Amino acid sequence: MPELRKDPVVNRWVIIATERGARPSDFSTPPVPLKRGFCPFCEGNEDKTPPEIMAFREPGTAPNTRGWRVRVVSNKYPALQIEGNLDKRPQGLYDMMNGIGAHEVMIETPEHCTSLTQLKTKNVEEVMWTYRERLIDLRRDHRFAYGMIFKNVGSVAGASLEHTHSQLIVTPIVPSLLEREMNGARQFYNYRDRCLFCDIAAQEIADGRRVVVEEENFVAFTPFASRFPFETWLMPKTHQSHFENVQRLGIDELADVLKRTLTKLERALENPPYNYVIHTGPFTSSDLEAYHWHIEIIPRLTKVAGFEWGTGFYINPVTPEAAAEFLRQSSDEQIAAPTAAAAAAPVSH
Ligand SMILES: [Zn+2]
Ligand SMILES: [Zn+2]
Ligand SMILES: [Zn+2]
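Residues numbered from 1 in each chain as written. Chains lettered and ligands numbered in written order. Predicted model: local features only at pLDDT ≥ 70, side-chain atom pairs only at ≥ 80, totals over all residues. Heavy atoms only, no water.

Draft legend 1. The sheet that holds strand S4 (residues 68–74), seen in detail. One open sheet accounts for 10 strands, arranged S3-S4-S7-S9-S8-S13-S14-S12-S11-S10; its pairing is antiparallel. Sheet topology places strand S3 (52–57) and strand S10 (211–214) at the edges, where each strand pairs with a single neighbour. Across the sheet, the mean angle separating the axes of adjacent strands is 15° when strand polarity is ignored. Looking at chain direction, strand S8 (residues 146–153) and strand S13 (residues 274–279) are connected through 5 bridges and run antiparallel. What sits directly across from Ile149, in S13, is Ile278. Against the sheet, helix H4 (residues 251–269) makes contact with S10, strand S11 (218–221), strand S12 (232–236), S13 and strand S14 (294–299), and its axis sits at roughly 15° relative to S14, the strand it touches most. Against the sheet, helix H6 (residues 320–329) makes contact with S10 and S12, and its axis sits at roughly 40° relative to S10, the strand it touches most. (Pairing = 2+ DSSP bridges. Helix = DSSP H or I, 4+ residues; strand = E, 2+ residues; numbered from the N terminus. Axes fitted to C-alpha atoms, helices over the stretch in contact; angles between N-to-C directions. Contact = heavy atoms within 4.5 Å.)

Draft legend 2. View of the coordination of the zinc ion (ligand 3). The coordination sphere of the zinc ion (ligand 3), as far as protein atoms go, consists of Glu181 (OE), His279 (ND1), His294 (NE2) and Glu296 (OE), spread over 1.9 to 2.0 Å. Taken together, the 4 donor atoms coordinating the zinc ion (ligand 3) and their angles of 100 to 130° define a geometry best described as tetrahedral. Spacing between the donor residues of the zinc ion (ligand 3) along their common chain follows E-x97-H-x14-H-x1-E. Of this pair, Glu181 sits in helix H2 (residues 176–192) while His279 sits in strand S13, placing them 98 residues apart in sequence. Glu181 sits in the buried class, given a relative accessible area of 17%. Exposure remark for His279: the relative accessible area of 3% places this residue in the buried category. (Donors = N, O, S within 2.8 Å, 3.2 Å for Na, K, Ca; no water. Tetrahedral: all angles 85-135°; square planar, octahedral: opposite > 155°, others 65-115°. Buried < 20%, exposed > 50% of the residue type's maximum accessible area, 1.4 Å probe, protein only.)

Structural data, given as structure tokens:
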């Protein structure tokens, strides 16, 4: 059973999950190249993953067989376990609880594609629908407080398989970084009576120097105080605190803006390793006036070293303005089409 333990100095929770240490590659220093050859995420290998939680499938096909377009399964090496009670308890001055939560993998295509950008926009749209459906399903479980959707691309960024996929980790507490963002946005709201993120989006669009892609409802830009070179945020232009409500703004447009932004990063930086994370409102609240969901895309070009670890202070060698300019000039045309592209079937919503 994984454990959650809290650092009493900065109230930071840590997941102690020894099961995941079963992968020895996690501890070797130079990043090991991703495993090639057999791929458990490819169509036809459905019995090599834990059973399917949900999927977008062709009509008449059975779970855990061929015929899917997006497939969600439990992570084989979960950081948190779905069954059990939290059993919150002290240990002297320390706090801990059982590592209860969910850890799912969203396999974005049955084809062996290595990037989300190789999918048709229609299929990226279904990946976004999948994110939404899993958040809606898991927030019904009252043991859980937060759902974090993220993506690791490349071994440097933490991926162990190259077949394009995303992950969802649901935690029984709101992560401290989110608490920090929500507190900052709340302070701004209390003072100005406006959402900080709405104001950031409006100012970035008006200024334009850091904008990478802009459409009617979404904007991608390099943040003013970017921590990392080519760090890029994508957010709705109008107010929305929870990703689950994204359909009101248009999942088709989100899929298009995300795919184009990632394609630009791939072209400009020659397929860099990267992570993206979706910061969204917690399960414990419905619509929030002072929080605003966004996707943070972090290319893993620099190493976080002693100074950053010691201070939380980042040194970024590229100005966000130069990064945005370079990305604007990069083409957003798809790099390579998937071999036998899955037919873009109409979204079943
Ligand atoms: Zn594969
Ligand atoms: Zn807002
Ligand atoms: Zn954020």
